[in-house]
Amino acid sequence: MEKNIFFIEGELVGVLTTEPINRFLDYYAPIGGVSVGDFVEVNLGPRKVIGCVWSKGSGEYDSAKIKQINRVLDITPMKQEMRSFLCRVSNYTLSPLSGMLRLALRGNSLLYKPATRKVHFLSKDYKLKFVRKTVLRLQVVNYLKQQLGKSFSLKELILFTGVSRSVIKGLIDNQVLVEKTIFVDLSFPKFTIGPTRKKLSAEQLLIAKKLKLTVKNKIYTTTLLKGVTGSGKTEVYLEAVAECLNNGDQVLVLLPEIALTSTFIDRVEERFDSRPAEWHSGISKTEKNRCWKMVASGNAKLVVGARSALYLPFKNLKLIVVDEEHDSSYKQEDGILYNARDMAVLRASLNSASVILASATPSLETWVNANDGKYNRLDLTHRYGASELPKISFIDMREDALPSNKWISQKLIDAMNLNLDKGEQSLLFINRRGYAPVTMCKVCGFQVGCEKCDARMVLHNFKNKLMCHQCGESKDLVKLCPKCEASDSFDAIGPGIERLAEETSAIFPKARLAILSSDLVNTSKSVKKLIDNIINGSVDIIVGTQLVAKGHNFPLLSLVGVIDADLGLQGGDLRAAERTFQLIKQVSGRAGRANKKGLALLQTYQPDHPVMTAILTGDEEKFWSSEATQRKLAGVPPFGRMAGIVVSGADLSQVNTIATQLAIKCEPLKKINALVYGPADAPISRIRGRHRIRLLVKAAKVKDFQKALTMWIDQIKLPGNVRLTVDIDPQTFF
Ligand code: ADP
Ligand code: ZN
Ligand code: ZN
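Residues numbered from 1 in each chain as written. Chains lettered and ligands numbered in written order. Predicted model: local features only at pLDDT ≥ 70, side-chain atom pairs only at ≥ 80, totals over all residues. Heavy atoms only, no water.

(A) Empty space enclosed by the protein, seen in detail. Counting across every chain of the model gives two cavities of 30 Å³ or more. Volume-wise, the largest cavity comes out at about 100 Å³. If you go around the largest cavity, you meet 14 residues; those closest to its centre are P77, M78, K79, M82 and P313. Elements represented by at least two residues in the lining of the largest cavity include exactly α1 (80–93) and α10 (285–297). Considered as a void within the structure, the second largest cavity measures approximately 40 Å³ in volume. Together, L103, A104, R106, W279, W292, S308, Y311 and L312 line the second largest cavity. (1 Å grid on protein atoms, 1.4 Å probe; cavity = no way out; pocket = protein on both sides within 12 Å on 5 of 7 lines; lining within 4 Å. Points joined across faces, edges and corners; volume = space filled by probe spheres on them. Helix = DSSP H or I, 4+ residues; strand = E, 2+ residues; numbered from the N terminus.)

Right, here's the structure in full:
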């Protein structure tokens, strides 16, 4: 049991509030006292705010001005391990602790009144009150007599007895029926945790057994579960989930994309007969409140969610699964910048819990950690059942001179035709939303850009708009070029998914097409519907973006064509090779399930690039170790520490001044031998009208990295309209 530090009435306590004040505030304990971890309401100036009792009061404030805590809220106090977790994340990401508290309380409006409903039952002395006995009234009373003390909502009573609302109201008025308000934050249903009904292969069984053991030990471990696409990673880690549930402990499964939750939930239901609790942006506020409370009370045993589910108040969390752990969407890119995969490992280490990182194409960081023995590694090397991994080959686009407005090579068209004849599905993949990335005036070369961002506007034909992918701004297509005033002179340059779909339906007019792109299907349900259509065979050709690359199983799909395999290699970022490798592997892996042999054709202009060679030869370990060597040479994560600092504001010269001051005053960083690069324009130099200047800090793997950064940044006083964000372990290295 955790030690509960208790303060009696009148003692000074330190309270952390959700207000953006980066320190603890002193209050007097209320009548009845408080404990560390209790959620409280306090007065702050004229307002009432929510806080959490964190420690003994500092005594540094004027005692005459200190107020008493208004009240202790009736919700489960924050546990010690959660407080440690929030502190650690705050220190790691250099984000204020108050922001962490807001994260931990998200979805739980603490002043919210629990959901209630009215129920009705027979009063104990109803015989005395039951004077006016009509046929209809008798019907209700007799029904309730048979139900032996059960209670019903008004709706149910009307439904079950066939009487009208007024009959029941009359009985309530006469006190024959009692009306009572009850709380209805329902617990989540229990799971059936028997053995799996699926027959696991020998390899699956072995890995499942090992995973179960790590869970059973109830000590912190992280395991990389690396399995080729279709090897049954989910089946296998569900066995570890079963073990944990069987012990009465809680499990969190993180998925990178809401679109994947529906399928996952179905699989949980298939395995355990009940559905898990959900936590992501797609669920209602009421459901979030229910989830938060049930997680805290231990009545939600299995939660499937997005990265913010890490901050739920678990009572006894013993297993965290991070599925598709390599996915870049685990990195939160606004507000508090953290990587949910790394924070999952941190959280588990504070809870003596296990982590399973599942992927067919792990992140380089995880691969290195497994290689160094920091993480366990378990491999599923075969696809489940008769299905085989797809054959992969290249189409050298240098040999295939396509006209400038066509993107599908003849070789790919031939292969697709063959597939159509066989009645099998094909997938065309392109990692670009919209119709065309560039809209340019044929006469003067003017390109339509966003007025607020350093980005070109992307033509979206379905919406008939030009859109900015940075800020979401959209505008109508104009007839006249604003620069040279030529009329109808705009031309779409380059391919996007909509354009590819257009070309596809022109080449295969009879084929049934499904287009999967995050801006065309935006709810988990609509994605699920499209996916179901693909699975049940009412689609011949799928044209998709990243959305299809992730985790789905398409049993009828036997051909994957990657339109622009080189796309991700441009730009020269150190992660480019890793990203491209993962993406192509993932997309190709969609081909060839069940008994269909799969083929992946990659259109490329650089068939000799190391990434392409690695994909072709299938020698992954060689690829990872060569990538690791390059990172080591460059001294970047996971072999060194990095932080990206972005200074932003509407006034460019002001932003420049601050960034230059930072670069000059780098004394604290010199103490840890860190190097400062920049200031330079951030990769996107303007977003929503704010200029962005970036500095990069690089250091060896020193302990005091964050401390030095803080000392460095604290030297600069920021004007109110200039913002500074720190991104530890940034996703881009330039
Ligand atoms: P991965 O996540 O490794 O791609 P999944 O766990 O999604 O693999 O499994 C791929 C497909 O194979 C799923 O449809 C799954 O139901 C099926 N499958 C895997 N293992 C088994 C098994 N032992 N018995 C029956 N079906 C299985
Ligand atoms: Zn023009
Ligand atoms: Zn914009």
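(B) Here's a closer look at the coordination of the zinc ion (ligand 2). The coordination sphere of the zinc ion (ligand 2) contains the protein donors C441 (SG), C444 (SG), C481 (SG) and C484 (SG), at a distance range of 2.2 to 2.4 Å. For the zinc ion (ligand 2), the four donor atoms in the first shell make angles of 106 to 113° at the metal, a pattern classed as tetrahedral. Donor residues for the zinc ion (ligand 2) sit on one chain with the sequence pattern C-x2-C-x36-C-x2-C. A relative accessible area of 1% places C481 in the buried class. We classify C484 as partly exposed; its relative accessible area is 30%. (Donors = N, O, S within 2.8 Å, 3.2 Å for Na, K, Ca; no water. Tetrahedral: all angles 85-135°; square planar, octahedral: opposite > 155°, others 65-115°. Buried < 20%, exposed > 50% of the residue type's maximum accessible area, 1.4 Å probe, protein only.)

(C) How the structure looks around the layout of surface pockets. In this structure, the second largest pocket occupies an estimated 1200 Å³ of space. Around the second largest pocket, the lining comprises 44 residues; the ones closest to its centre are Y92, D342, R641, K701 and D729. Elements that contribute at least two residues to the lining of the second largest pocket include exactly α1, α11 (340–351), α12 (364–371), α17 (576–588) and α22 (705–714). With six residues, the single largest contributor to the lining of the second largest pocket is α11. Considering only residue class, the lining of the second largest pocket consists of 14 nonpolar, 13 polar and 17 charged. (Nonpolar A, V, L, I, M, F, W, Y, C, P; charged D, E, K, R; others polar.)

(D) The arrangement of the nonpolar core in detail. Formed by 53 residues in total, the largest nonpolar core has its most connected members in F39, M78, L86, L252, L310, Y311 and L312. The biggest single contributor to this core is α11, with six residues. Structurally, this core is a two-domain feature, drawing no fewer than three residues from each of domain 1 (6–104) and domain 3 (202–380). Ranked by size, the runner-up nonpolar core spans 41 residues in total, among them A514, F581, L583 and A591. (Core = buried A, V, L, I, M, F, W, Y, C linked by side-chain atoms within 4.5 Å. Domains from an automatic or database assignment.)

(E) Expanded view of the sheet that holds strand β30 (residues 690–699). Within the open sheet, the four strands sit side by side as β29-β30-β28-β31. Their pairing is antiparallel. Looking at the sheet topology across the chains shown, the edges are occupied by β29 (675–687) and β31 (723–728). Taken over all neighbouring pairs, the strand axes of this sheet differ in orientation by 25° on average, direction set aside. (Pairing = 2+ DSSP bridges. Axes fitted to C-alpha atoms, helices over the stretch in contact; angles between N-to-C directions.)

(F) Here's a closer look at the packing of α17 against helix α18 (residues 610–617). Contact geometry for α17 and α18: axes closest at 10 Å, N-to-C directions at 35°. In this structure, α17 meets α18 at a crossing whose hand is right-handed. Each of A577, T580, F581 and I584 in α17 lies in contact with α18, whose residues at this interface are V611, M612, A614 and I615. (Left-handed = near helix turned anticlockwise from the far one by under 90°. Contact = heavy atoms within 4.5 Å.)

(G) Fine view of the pattern of salt bridges. In this structure the tally under the stated criterion is 31 salt bridges. The shortest N-O distance in the salt bridge between D266 and K528 comes to 3.2 Å. With a gap of 262 residues between them, D266 in helix α9 (residues 261–272) and K528 in helix α15 (residues 524–535) connect regions that are remote in the sequence. Using a relative accessible area of 32% as the deciding quantity, one classes D266 as partly exposed. Residue K528 pairs with D532 through a salt bridge whose shortest N-O separation is 3.5 Å. Here the residue K528 and the residue D532 both occupy positions in helix α15, the gap between them amounting to four residues, near one helical turn. (Salt bridge = Lys/Arg side-chain N within 4 Å of Asp/Glu carboxyl O.)

(H) Structural context of the site of ligand 1. Residues in contact with ligand 1 amount to 16 residues; listed here are only the nearest, K199, Q204, G230, K233 and R267. For ligand 1, an oxygen atom lies 3.4 Å from a polar atom in the side chain of K198. In the model, an oxygen atom of ligand 1 is placed 2.8 Å from a nitrogen or oxygen of the R267 side chain. Computed on the free molecule, ligand 1 has an accessible area of 560 Å², of which 82% lies beneath the protein chains in the complex. Ranked by residue count, the leading element in the shell around ligand 1 is helix α8 (residues 233–246), at three residues. Looking at the shell around ligand 1, its residues break down into three nonpolar, seven polar and six charged. (Near = heavy atom within 4 Å. Polar contact = N/O pair within 3.5 Å; in protein donor to acceptor, adjacent residues only side chain to side chain. Areas by Shrake-Rupley, 256 points an atom, 1.4 Å probe, with all protein chains shown as cover.)

(I) The arrangement of the sheet that holds strand β3 (residues 25–28) in detail. Pairing within the open sheet is antiparallel, and its five strands lie in the order β3-β2-β6-β5-β7. The open sheet has two edge strands with one neighbour each: β3 and β7 (71–72). Relative to strand β6 (residues 47–56), strand β2 (residues 12–17) is paired through five bridges, and the arrangement is antiparallel. What sits directly across from T17, in β6, is G51. Sheet strands touched by helix α2 (residues 97–104): β2, β5 (39–44) and β6. Its angle to β2, the strand with the most contacts, is close to 70°.

(J) Here's a closer look at the packing of α1 against α2. One way to put it is that α1 packs onto α2 with a least axis distance of 9 Å and a crossing angle of 130°. By the angle class used here, α1 and α2 are oblique. Crossing of α1 over α2 shows right-handed handedness. In contact with M82, L86, C87, V89 and S90 of α1, α2 contributes L97, M100, L101 and A104. (Parallel < 35°, antiparallel > 145°, perpendicular 65-115°, else oblique.)

(K) Fine view of the packing of aromatic side chains. Inspection of the entire model under this criterion finds 13 aromatic pairs. Seen from their ring centres, F152 and F160 are 5.9 Å apart, and the 85° between their planes marks the pair as edge-to-face. On the basis of relative accessible area, F152 is assigned to the buried category, the value being 7%. Judged by centre distance (6.5 Å) and plane angle (55°), the rings of F446 and F490 are tilted. Within this pair, whereas F446 is found in the loop between β19 (438–441) and β20 (458–460), its partner F490 is found in strand β23 (residues 490–493), the two being separated by 44 residues in sequence. The class of F446 is partly exposed, set by a relative accessible area of 24%. In textbook terms, an aromatic cluster arises when at least three aromatic residues are bridged by ring pairs, as seen for F85, Y311 and Y338. Across from the ring centre of F188, 4.0 Å away, lies the NZ or CZ of R290, which sits over that ring. In this structure, R347 packs its charged tip against the face of F85, placed 5.4 Å from the ring centre. (Phe/Tyr/Trp six-rings, centres within 6.5 Å; stacked < 30°, edge-to-face > 60°. Lys NZ or Arg CZ within 6 Å of the ring centre and 35° of its normal.)

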